[in-house]
Amino acid sequence: MRAAVAYSRLHDGLSVWGLQQDAEPAALLLYALLHTCAGFRDHVLCRTDAETLLLPLLRCAYDTPPSARGHAYMLQILLLILSQDESVMQAIQRTPIPPGAAAWYTQHPLVGIGAAPCSLGSLLVMVLVRCVLAGLASAPPAAGAAEGSGDAQQAQAQQAFLPTNALAALANTSAFVVGIHAHAASRLLHLFQALGRRQSKLSARVAGGLPSNAQQADAESDLAVVEDFMQVVLESLCAPLGPSTPRNPELMYVMLQRQELLQPYAGHARFGAAVAFLQAHVDFFNQRLAAVRARLGPESEETWEAPQVLQEVSAASLFWHPEPRAGHELRFAYEEERHSEDFFMPYVWSLLLPRVPLAWEAGAVRLCAP
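Residue numbers run consecutively from 1 along every chain, following the written order of its sequence. Residues qualify for local features only when their pLDDT is at least 70, as the model is predicted, and side-chain atom pairs are given and counted only at 80 or more; totals for whole chains, interfaces and linings, by contrast, use all residues. Hydrogens are left out, water is left out, and the side-chain values use all remaining heavy atoms of the structure.

## Overview of the overall build of the protein chain
Helices and strands together make up the secondary structure of the protein chain, namely 14 helices and zero strands. Every helix listed is a DSSP run of H or I at least four residues long, and every strand listed is a run of E at least two residues long, numbered separately from the N terminus. In the protein chain, the succession of α and β elements from N to C terminus is α-α-α-α-α-α-α-α-α-α-α-α-α-α. Think of it in three bands: with a 1.4 Å probe and only protein chains considered, a residue is buried below 20% of the maximum accessible area for its type, exposed above 50%, and partly exposed in between. The buried share among the 370 residues of the protein chain stands at 47%. Residues are treated as being in contact if the distance between any of their heavy atoms lies within 4.5 Å. Of the contacts formed within the protein chain by residues at least 6 apart in sequence, a portion of 77% connects residues at least 24 apart. Using the Shrake-Rupley algorithm and a 1.4 Å probe, accessible areas are obtained, with residue cover drawn only from the displayed protein chains. Within the structure as shown, the protein chain displays about 18500 Å² of accessible surface, and the carbon and sulfur contribution to it stands at 56%.

Shown next as structure tokens:
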């Protein structure tokens, strides 16, 4: 006997009540439905009110610390699954955040006098960047762990555990970014800077040599992971520019402000092409702004403020016609790992035990794969 389920009621129950009242089991149920039920997944992706589900998800992802690994992992997988749908990613770029709906985002004001409204797409970028930075901060490089203790491999796995899904979702949405908010653009550059610092430290450790072969191998592996992350962020910076630069003047403005971040990686074996693409943008707009300054005279330097510079960047972008970077767009899709029960069984029981009105003896619980 089959029971009919109204997908709309299930969607609204999870969005309006579940994720806001008891987020962990709601997120787990939402994952199971999106991953295994094609009908429900199609219903979610075809809806025109993406904010109904995405705003509670983003709030949970923003508030959940990396120490709550199971919950953080599930939330980032959900964001990755949603980011795989191009129509959803396009729609959220044009969806303004309702007044007060993102008051929980306290890192930076999202509204202000004369400021452009923040879209749901820009908020997604901000939260994903926060997830990556928090994940990196919670997992120190494995090269610092004691040899032979097993901590090196565990730390190395943890380092890539949380940031990977958030970075994949960030790459998926970057190709559709339009009208990016100034703070979202700034956070993208901050993420690249943070990864660059870690890459620089690890490069120095690898070049200097470590006491044992095991530690050297761990450091090299850490370096490869961080450079993978940097490559994703660079491509996420490139995607909204190129022919799309006129639609993202705020990102170009922030690139001009932080252009020194590109210099150490010019000619880098892995990053050189992406850095050269971004540097070409910087050089063009520097020339255009220099011409404007020369026309206005030296006294204009004191009166130039951010709105005037942004206006000139927007005007100059209409004359910028770079070649698109064909073949460099990154797209990621979620695939459930082999032996996923090793994660799900203990995680499900960790949610079940406190919620069942039975006297469990926690020390006697033994879990095994079915």
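## Describing helix 6 (residues 86-93)
Turning to helix 6, its buried residues are Val88, Met89, Ile92 and Gln93. Relative to the axis of helix 6, the buried residues are bounded by an arc of 135 degrees and lie together on one face. Of all possible arcs, the one meant is that of the directions from the helix axis to the C-beta atoms.

## Some details on the packing of helix 2 (residues 23-36) against helix 3 (residues 38-46)
Angles here are taken between N-to-C directions and fall from 0 to 180 degrees, while the axes themselves are lines fitted to C-alpha atoms, restricted in helices to the stretch in contact. Packing of helix 2 against helix 3 leaves a shortest axis separation of 6 Å and a crossing angle of 100 degrees. For the element pair helix 2 / helix 3, the angle class is roughly perpendicular. The segment helix 2 lies against helix 3, with Leu30, Leu33, Leu34, His35 and Thr36 engaging Ala38, Phe40, Arg41 and Val44. Classes in brief: Ala, Val, Leu, Ile, Met, Phe, Trp, Tyr, Cys and Pro nonpolar; Asp, Glu, Lys and Arg charged; the others, Gly included, polar. Each residue belonging to the contact of helix 2 with helix 3 can be placed in one class, and the counts come to six nonpolar, two polar and one charged. Convention used here: angles under 35 degrees read as roughly parallel, angles over 145 as roughly antiparallel, angles from 65 to 115 as roughly perpendicular, and any remaining angle as oblique.

## Here we look at unusual backbone geometry
Leave glycine aside and you will find that most residues have negative phi; peptide bonds, for their part, are mostly trans. For His339, which is not glycine, the phi torsion reads 55 degrees and is therefore positive. Along the chain, His339 turns up in the loop between helix 13 (306-317) and helix 14 (341-352).

Interpretation note: all reported values are geometric properties and have no functional meaning in isolation.
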